[in-house]
Amino acid sequence: MSKKAKLDAAPKGKLTIVADFLPPPAQLVRRENTVRVTSEFTKSSIDFLKQEAKKAKVPYQRMLRSLVDLYVERQARH
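Residues numbered from 1 in each chain as written. Predicted model: local features only at pLDDT ≥ 70, side-chain atom pairs only at ≥ 80, totals over all residues. Heavy atoms only, no water.

Undergrad: A description of the overall build of the protein chain should follow, citing residues and the corresponding values.
TA: Within the protein chain, the regular secondary structure consists of three helices and zero strands. The linear arrangement of helices and strands in the protein chain, starting from the amino end, is α-α-α. Rg of the C-alpha trace for the protein chain: 22 Å, well past the compact-globule value of 12 Å for 78 residues, more than 25% over. With the C-alpha coordinates of the protein chain rotated into their principal frame, the extents come out at 60 × 35 × 25 Å. The burial tally for the protein chain puts 5% of its 78 residues in the buried class. Of the accessible surface of the protein chain, which amounts to about 8,700 Å², a share of 57% is contributed by carbon and sulfur atoms. (Helix = DSSP H or I, 4+ residues; strand = E, 2+ residues; numbered from the N terminus. Rg over C-alpha atoms; globule rule 2.2 N^0.38 Å. Buried < 20%, exposed > 50% of the residue type's maximum accessible area, 1.4 Å probe, protein only. Areas by Shrake-Rupley, 256 points an atom, 1.4 Å probe, with all protein chains shown as cover.)

Undergrad: If you had to explain the pattern of salt bridges to someone new, which residues and values would you point to?
TA: One side chain can pair with another of opposite charge once the charged atoms of both are near each other. Here the structure, examined in full by the defined rule, presents three salt bridges. For aspartate 47, the salt bridge is made with lysine 43, and the minimal N-O distance between the two is 2.9 Å. Taken together, the positions of aspartate 47 and lysine 43, both in helix 2 (residues 43-56) and four residues apart, correspond to about one turn of that helix. Among the residues examined, lysine 43 registers a relative accessible area of 64% and is labelled exposed. (Salt bridge = Lys/Arg side-chain N within 4 Å of Asp/Glu carboxyl O.)

Undergrad: Can you lay out unusual backbone geometry for me, pointing to particular residues and giving the numbers?
TA: Even without a glycine there, the phi angle at lysine 57 is positive, about 60°. Here lysine 57 lies in the loop between helix 2 and helix 3 (60-76).

Undergrad: Before we move on, could you go through the packing of helix 2 against helix 3 and cite the residues and values that matter?
TA: Viewed as axis vectors pointing N to C, helix 2 and helix 3 meet at an angle of 110°, and their least axial separation amounts to 8 Å. Between helix 2 and helix 3, the angle falls in the class roughly perpendicular. Residues Ile46, Leu49, Lys50, Glu52, Ala53 and Ala56 of helix 2 touch helix 3, and the partners they reach there are Tyr60, Met63 and Leu64. Here the contact of helix 2 with helix 3 is built from residues that sort into seven nonpolar, no polar and two charged. (Axes fitted to C-alpha atoms, helices over the stretch in contact; angles between N-to-C directions. Parallel < 35°, antiparallel > 145°, perpendicular 65-115°, else oblique. Contact = heavy atoms within 4.5 Å. Nonpolar A, V, L, I, M, F, W, Y, C, P; charged D, E, K, R; others polar.)

Encoded structure:
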């Protein structure tokens, strides 16, 4: 059996409709040009990324790509 939500404490009164400010779903995910590369990393680095990626429930390759992108972005500012 499911419990009914208690709505006694819920705010009541006049509702305000706000304009739809979100972009369409296709624009929510940026699609950037990528280039396939082959590279070698230390086992400990990849093991760490895999462990952290598993916690975040994302592929470790995406985490690695984000790491490199962030590094490049910050270095480009200098």
